[in-house]
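Read off the chains here:
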Amino acid sequence: MSSLLKITDLHVSVADTPILKGVNMEIRQGEVHALMGPNGCGKSTLAYALAGHPKYTVTQGSIEISSPDGETVNITELEADERARLGMFLAFQYPVVIPGVKVADFIRHAISNIRNPDRKEGEGLVGMREFRKEIKAKMEELGMDVEFARRYLNDGFSGGEKKRMEILQMAMLQPKFAILDETDSGLDSDAVRVVSEGLAKLAGPEMGVLIITHHERLLEYNPPKFTHVMLGGRIVETGDAALAEDLHNNGYAGVRERHPDADADNAKAEAAAV
Ligand SMILES: Nc1ncnc2c1ncn2[C@@H]1O[C@H](COP(=O)(O)OP(=O)(O)OP(=O)(O)O)[C@@H](O)[C@H]1O
Ligand SMILES: [Mg+2]
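Residues numbered from 1 in each chain as written. Chains lettered and ligands numbered in written order. Predicted model: local features only at pLDDT ≥ 70, side-chain atom pairs only at ≥ 80, totals over all residues. Heavy atoms only, no water.

Caption draft 1: Structural context of the layout of surface pockets. Approximately 270 Å³ is the volume found for the second largest pocket. Every residue lining the second largest pocket is listed: Lys102, Ala104, Asp105, Met128, Phe131, Arg132, Ile135, Lys136, Val146, Ala149 and Arg150. Those elements giving two or more residues to the lining of the second largest pocket turn out to be helix 3 (103–115) and helix 4 (128–141). Here the lining of the second largest pocket gets five residues from one element, more than from any other, and that element is helix 4. Residue composition of the lining of the second largest pocket, by class: six nonpolar, no polar and five charged. (1 Å grid on protein atoms, 1.4 Å probe; cavity = no way out; pocket = protein on both sides within 12 Å on 5 of 7 lines; lining within 4 Å. Points joined across faces, edges and corners; volume = space filled by probe spheres on them. Helix = DSSP H or I, 4+ residues; strand = E, 2+ residues; numbered from the N terminus. Nonpolar A, V, L, I, M, F, W, Y, C, P; charged D, E, K, R; others polar.)

Caption draft 2: Geometry of the packing of helix 3 against helix 4. Orientation of helix 3 relative to helix 4, taken along the N-to-C sense of each, is 110°, at an axis distance of 11 Å. Considering their axes alone, helix 3 and helix 4 lie roughly perpendicular with respect to each other. Listed contacts from helix 4 to Ala104, Ile107, Arg108, Ile111 and Arg115 of helix 3 are Met128, Glu130, Phe131, Glu134 and Ile135. Tallied by class, the residues present in the contact of helix 3 with helix 4 amount to six nonpolar, no polar and four charged. (Axes fitted to C-alpha atoms, helices over the stretch in contact; angles between N-to-C directions. Parallel < 35°, antiparallel > 145°, perpendicular 65-115°, else oblique. Contact = heavy atoms within 4.5 Å.)

Caption draft 3: Seen up close, the nonpolar core. Ranked by size, the top nonpolar core spans 47 residues in total, and within it Ile107, Leu168 and Met170 carry the most contacts. Sort the elements by how many residues they give to this core and helix 5 (residues 159–173) lands first, with seven residues. If near-sequence neighbours (up to four positions away) are discounted, Met170 is found in contact with Phe89, Ala91, Pro175, Ala178, Leu180, Leu199, Leu202 and Met207. The next biggest cluster of nonpolar side chains, apart from the first, holds 28 residues, and it includes Val23, Met25, Ala47 and Ile63. (Core = buried A, V, L, I, M, F, W, Y, C linked by side-chain atoms within 4.5 Å. Buried < 20%, exposed > 50% of the residue type's maximum accessible area, 1.4 Å probe, protein only.)

Caption draft 4: Structural context of the packing of aromatic side chains. The full count for this structure, using the stated rule, is two aromatic pairs. Summarising the aromatic geometry, the rings of Tyr48 and Tyr56 are spaced 5.2 Å apart at their centres and angled 20° between planes, so their arrangement reads as stacked. Measuring from ring centre to ring centre gives 5.3 Å for Phe148 and Phe157, while their planes differ by 35°; the resulting arrangement is tilted. The same class applies to Phe148 as to Phe157, namely buried. (Phe/Tyr/Trp six-rings, centres within 6.5 Å; stacked < 30°, edge-to-face > 60°.)

Caption draft 5: Representation of the sheet that holds strand 5 (residues 72–74) in the model. Strand order in this open sheet of four strands is 2-1-4-5, and the pairing throughout is antiparallel. Each having just a single partner strand, strand 2 (17–28) and strand 5 make up the two edges of the open sheet. Strand-to-strand twist of the sheet, defined as the mean angle between neighbouring strand axes without regard to direction, takes the value 10°. (Pairing = 2+ DSSP bridges.)

Caption draft 6: Highlighting the environment of Ala49. Relative to the elements of secondary structure, Ala49 occurs in helix 1 (residues 43–51). By relative accessible area, Ala49 is classed as buried at 3%. In this structure, the C-alpha to C-alpha distance between Ala49 and Asp155, residues 106 residues apart in sequence, is 27 Å. Discounting chain neighbours no more than four positions away, the residues touching Ala49 are Val12, Tyr56, Ile63 and Arg83.

Caption draft 7: Examining the site of ligand 1 more closely. What surrounds ligand 1 is a group of 14 residues, the closest being Asn39, Gly40, Lys43, Ser44 and Thr45. The backbone of Gly40 places a nitrogen or oxygen atom 2.9 Å from an oxygen atom of ligand 1. The contact in question runs from an oxygen atom of ligand 1 to an N or O atom on the side chain of Thr45, over 2.5 Å. Look at ligand 1: alone it shows 640 Å² of surface, and the protein chains cover 69% of it. At three residues, helix 1 tops the list of elements feeding residues into the shell around ligand 1. Considered class by class, the residues forming the shell around ligand 1 number seven nonpolar, six polar and one charged. (Near = heavy atom within 4 Å. Polar contact = N/O pair within 3.5 Å; in protein donor to acceptor, adjacent residues only side chain to side chain. Areas by Shrake-Rupley, 256 points an atom, 1.4 Å probe, with all protein chains shown as cover.)

This is the structure:
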């Protein structure tokens, strides 16, 4: 049995502008889902709304997590850190440089917050010896240089190193649901390979994954069971891996033609963003 992330009729506004207009999606632990769609359709907005970013206001609908024993928690109003404790992970959520904080220390705090949710600052940290053993094992599994953990967080990190950091975080946190928003089309092929291979190693029966990407490679390594197409703030089509491939090869013209109302909304959003 597995946990379920259920998104029902989700409407989200940013600064009073409605962006998502009724999104429905169900992601089970162990499933890989791809979310595709033209620029400005609302993909990143969905990722931030799921993670609980305060700028993204849910005006209607719900986000719920159901555990295998049938217990359902409505997370729509929960803070980001509470969602993280329940197993949600938005990759690329810490792109900031934190001066003087080493990769290993950051991850030790992050896993301590999740494993000992009632801990106070300075208490309840995962033991150093246990932590070192764990991070070393994960880094070996992912083919990472152990020296990496001694570096300062994101300080001077290359694109590929930032991706390594995020994959390592995911390996250590072992989320139930991971959302990867590959917004950065400027990722070089090394960075795309890092995240593609890393995710393929980590994703398994315990993880539900939502991949938002324009990179074919990521989906080649992690073939989606479901591909969702977003247009004008709603999911207009859902298919399998073949749909993702078709969109990569042929673009969104066909989708736009089949869904003129959503297309009109998308065009408005694109015009507003310019
Ligand atoms: N913080 C914000 N402030 C104002 N408008 C926003 C904000 N975030 C998103 N929007 C608007 O919401 C719409 C959807 O944006 P979003 O970033 O979710 O699109 P996307 O599908 O991720 O696009 P891309 O493929 O370019 O990453 C756009 O019109 C965008 O301008
Ligand atoms: Mg985006």
